[in-house]
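Coordinates in review
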Amino acid sequence: MTEPGGLATPRAAPETRRAARAMREEAERRAREAAGARTEEAVRRASYDAEGATAEGIPATDTVPLFTVDTAPVLTIGTGPSASTSPPSVPAATGIAHGAAEPPTLGDLVTEDATPARHVRPRRLARRIALVAGLATGAALLLGSSAAVTAMIADTQLNDGSTSAAALSVAPPPIDQLPVPDVQESPPAADLCTLSSFTNALQAGDDEAAVVAAGGGEAFRAAVVEGRAPCVNLGDSSRIWTVLDKHRPANPVDYRPSSLVLPSGVRNIEGGALRADAAAALSAMVTAARDAGAGELALESGFRSYQTQQETYGRHFAERGARADLVSARPGYSEHQLGLSADVVACAGACTGLDELAASPQGQWVADHAWEHGWIVRYVEGATDVTGYTPEPWHLRYVGPELAKAYHDGGWTSLEEFFGLEAAPGYLN
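To keep things clear, this report deals only with the structure shown in the data block.

Quick notes on the rules
- Residues numbered from 1 in each chain as written.
- Predicted model: local features only at pLDDT ≥ 70, side-chain atom pairs only at ≥ 80, totals over all residues.
- Heavy atoms only, no water.
- Helix = DSSP H or I, 4+ residues; strand = E, 2+ residues; numbered from the N terminus.
- Expected span 1.5 Å × (residues − 1).
- Buried < 20%, exposed > 50% of the residue type's maximum accessible area, 1.4 Å probe, protein only.
- Arc of directions from axis to C-beta.
- Disulfide = S-S within 2.5 Å.
- 1 Å grid on protein atoms, 1.4 Å probe; cavity = no way out; pocket = protein on both sides within 12 Å on 5 of 7 lines; lining within 4 Å.
- Points joined across faces, edges and corners; volume = space filled by probe spheres on them.
- Nonpolar A, V, L, I, M, F, W, Y, C, P; charged D, E, K, R; others polar.
- Lys, Arg positive; Asp, Glu negative; His and termini not counted.
- Salt bridge = Lys/Arg side-chain N within 4 Å of Asp/Glu carboxyl O.
- Contact = heavy atoms within 4.5 Å.
- Polar contact = N/O pair within 3.5 Å; in protein donor to acceptor, adjacent residues only side chain to side chain.
- Phe/Tyr/Trp six-rings, centres within 6.5 Å; stacked < 30°, edge-to-face > 60°.
- Core = buried A, V, L, I, M, F, W, Y, C linked by side-chain atoms within 4.5 Å.
- Pairing = 2+ DSSP bridges.

This paragraph deals with helix H9 (residues 306–320). With 15 residues, H9 ought to run about 21 Å at 1.5 Å a step, and its terminal C-alpha atoms sit 21 Å apart, in line with that. Looking at H9, one finds that the buried residues are Gln 309, Thr 312 and Tyr 313. Take H9 and look down its axis: the buried residues cluster within an arc of 95°, on one side only. When the buried face of H9 is taken as reference, the exposed residues oriented beyond 90 degrees from it are Glu 311 and Ala 318.

One pass over the structure, following the stated rule, counts two disulfides. Across a sulfur-sulfur distance of 1.9 Å, Cys 193 and Cys 231 are joined as a disulfide pair. Residues Cys 193 and Cys 231 are joined by a disulfide whose S-S torsion is about -100°; by sign, that bridge is left-handed. In this pair, Cys 193 is assigned in the loop between helix H4 (122–169) and helix H5 (196–204) and Cys 231 in the loop between helix H7 (217–225) and strand S1 (260–261), connecting sequence segments 38 residues apart. Owing to a relative accessible area of 23%, Cys 193 belongs among the partly exposed residues under this scheme. Taken N- to C-terminal, the disulfide-bonded cysteines of the chain are connected 1-2, 3-4.

Quantified by volume, the second largest pocket comes out at close to 560 Å³. Around the second largest pocket sit 26 residues that line it, and Arg 304, His 316, Val 327, Asp 343 and Leu 354 are the ones nearest its centre. Elements supplying a minimum of two residues to the lining of the second largest pocket: strand S4 (296–301), H9 and strand S8 (392–398). Per-element tally for the lining of the second largest pocket: the top contributor is H9, with five residues. The residue inventory of the lining of the second largest pocket, partitioned by class, reads eight nonpolar, nine polar and nine charged.

Attention now moves to the side chain of Glu 392. Residue placement: Glu 392 occurs in strand S8. No salt bridge is formed by the buried Glu 392; its nearest oppositely charged neighbour, Arg 304, is found at 7.4 Å. Ignoring sequence-local partners within four residues, the contact set of Glu 392 consists of Val 327, Val 377 and Tyr 379.

Mapped onto the secondary structure, Ser 334 falls in the loop between H9 and strand S5 (341–348). According to the relative accessible area criterion, Ser 334 is buried, its value standing at 4%. A polar contact is formed between the side chain of Ser 334 and the backbone nitrogen of His 336, at a distance of 3.2 Å. Apart from residues no more than four positions distant in its own chain, Ser 334 is found in contact with Leu 244, Arg 304, Gln 309 and Ala 329.

Let us look at unusual backbone geometry. That bond from Asn 251 to Pro 252 is cis: its omega, 0°, falls within 30 degrees of zero. The topology assignment puts Pro 252 in the loop between H7 and S1.

Our focus in this paragraph is the packing of aromatic side chains. Aromatic ring pairs are defined here through the distance separating the ring centres and the angle between the ring planes. Per the stated rule, a full pass over the model turns up ten aromatic pairs. Considering the side-chain rings of Phe 198 and Phe 220, the 6.3 Å spacing of their centres and the 40° angle between planes classify their relative orientation as tilted. Taken together, the residues span a long stretch of sequence, with Phe 198 in helix H5 and Phe 220 in helix H7 at a distance of 22 residues. The exposure class assigned to Phe 198 is buried, which follows from its relative accessible area of 0%. Since its relative accessible area comes to 0%, Phe 220 is described here as buried. When the ring of Trp 375 is compared with that of Tyr 398, the centres are 5.4 Å apart and the planes differ by 65°; the resulting orientation is edge-to-face. Of this pair, Trp 375 sits in strand S7 (residues 375–379) while Tyr 398 sits in strand S8, and the two are 23 residues apart along the sequence. Here Tyr 398 falls in the buried class, since its relative accessible area comes to 8%. Feature note: the residues Phe 198, Phe 220, Trp 241, Tyr 407, Trp 412, Phe 418 and Phe 419 constitute an aromatic cluster, connected by ring pairs.

Let us now look at the nonpolar core. One finds Phe 220, Trp 241, Leu 282, Trp 375 and Phe 419 to be the most contacted residues of the largest nonpolar core, which totals 54 residues. Here this core takes seven residues from helix H8 (residues 276–291), the largest share from any one element. In this structure, Phe 419 is in contact with Phe 220, Arg 221, Val 224, Val 225, Leu 234, Trp 241 and Val 243, ignoring residues within four places of it in sequence. Formed by five residues, the second largest nonpolar core is a distinct cluster that contains Ala 329, Tyr 333, Tyr 379 and Tyr 389.

We now examine H5. Among the residues making up H5, those that are buried are Phe 198, Thr 199, Ala 201 and Leu 202. For H5, the angular spread of buried residues about the axis comes to 160°, placing them on one side. Opposite its buried face, H5 presents the exposed residues Gln 203 and Ala 204, each directed more than 90 degrees away. For H5, the secondary structure elements touched by its buried residues are helix H6 (207–213) and H7. A positive backbone phi angle near 75° is found at Gly 205, which sits one or two residues after H5.

Okay, the environment of Val 380 next. Summarising the element assignment, Val 380 is placed in the loop between S7 and helix H11 (384–387). Sequence separation between Val 380 and Pro 391 is eleven residues; the distance between their C-alpha atoms is 4.6 Å. The contact partners of Val 380, leaving out residues within four places of it in the chain, are Pro 391 and Thr 413.

This next bit is on the pairing of S5. For S5, the buried fraction is high: seven of the eight residues fall into the buried class. By the bridge criterion, five bridges tie S4 to S5 in an arrangement that is antiparallel. Each residue of the ladder has a partner; that of Leu 297, found in S5, is Ala 346. Where S5 lies against S8, three bridges are found, and the strand directions are antiparallel. Opposite Asp 343, over in S8, you have His 395 as the bridge partner. Where S5 lies against strand S6 (residues 350–351), two bridges are found, and the strand directions are antiparallel. Opposite Cys 347, over in S6, you have Cys 351 as the bridge partner. Hairpin remark: S5 followed by S6, antiparallel, with one residue in the connecting loop; positive phi at Gly 349, about 85°.

Written out as structure tokens, the structure reads:
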């Protein structure tokens, strides 16, 4: 074609244009390879794998690739199997882009004996290469993400370790004084007299059941001392918890228990009786002492009426005068009048007197184990200023198993102190 005012420019043959385009695409491909070496490497390996699969006869599939890679036909330059697959170098003299006078012909680029391209199915092979490259790129991204997470965890652990080490290296601030906890006293338990189980036992006259309903001997004692048992009268001579001393006479003064029995299985020297509950407890105690190998215990004196106590006190007063008050109670002030007290002696065939009990095995056993059967030693050494009596190891007072346990466990030495009452060393008139 001849343009006006110009020279005729020969049109390149179609084959020549295709070769030039192939060379430009090859140049662009190499530029892309320089920018992304990893992608090129993956594509190259995938290309080799695909070529090997084609050579081995593995059929191609029409799997849709993850992404598309434009590939140009590869020209084979040279002759024979050893011909190079690199694109030919274009002489600078050709100068197609600058309007060279004589562009190269297809014959100059491709020899007659050139070996045909081995990629007989270029489109399917391109899909395989793209698929493998996509998989390789995904694996690389996955491995890179895992490495990043691992590095982040390691860095966090390192930072934590550094922080912990730094925290350990810092000494805690000094404390001038430990904080004092704010401990508030628990409110007292409910009034015992509002407990139906307690009041029912009181009305039935079952004193031991009432103490159990109160929560045991110690709970009962605490409620009485703290004023949370207004229905409990320590001056009621019919109760096992009554206190009889030189300030607190029997009520009435000539009180007599309704039920008096002789203790079963107990040697009875003067034929004394006891209240039924006290009598049963004395029988159990005497049996336990014998079974324990301590020896025999006998009842020297039990219940004494108001009239009998008049005679007893009169005899002591005639012998000692005013000092009789240390060894004998006036009528109406003796615990024997309650039917809850027992004077015991030791027996080994014959029975000894009251004064010999303390030095006997039976007396030692009584001091250690009487409380287990509801008995306490009422007048002990060191408590004369409270009770008003000299020690009487033989004088036992029945208060029931629950109260006797609380009395023993608390180390009490008098009923006055046990119930928070004032001492009674002498009579008020």
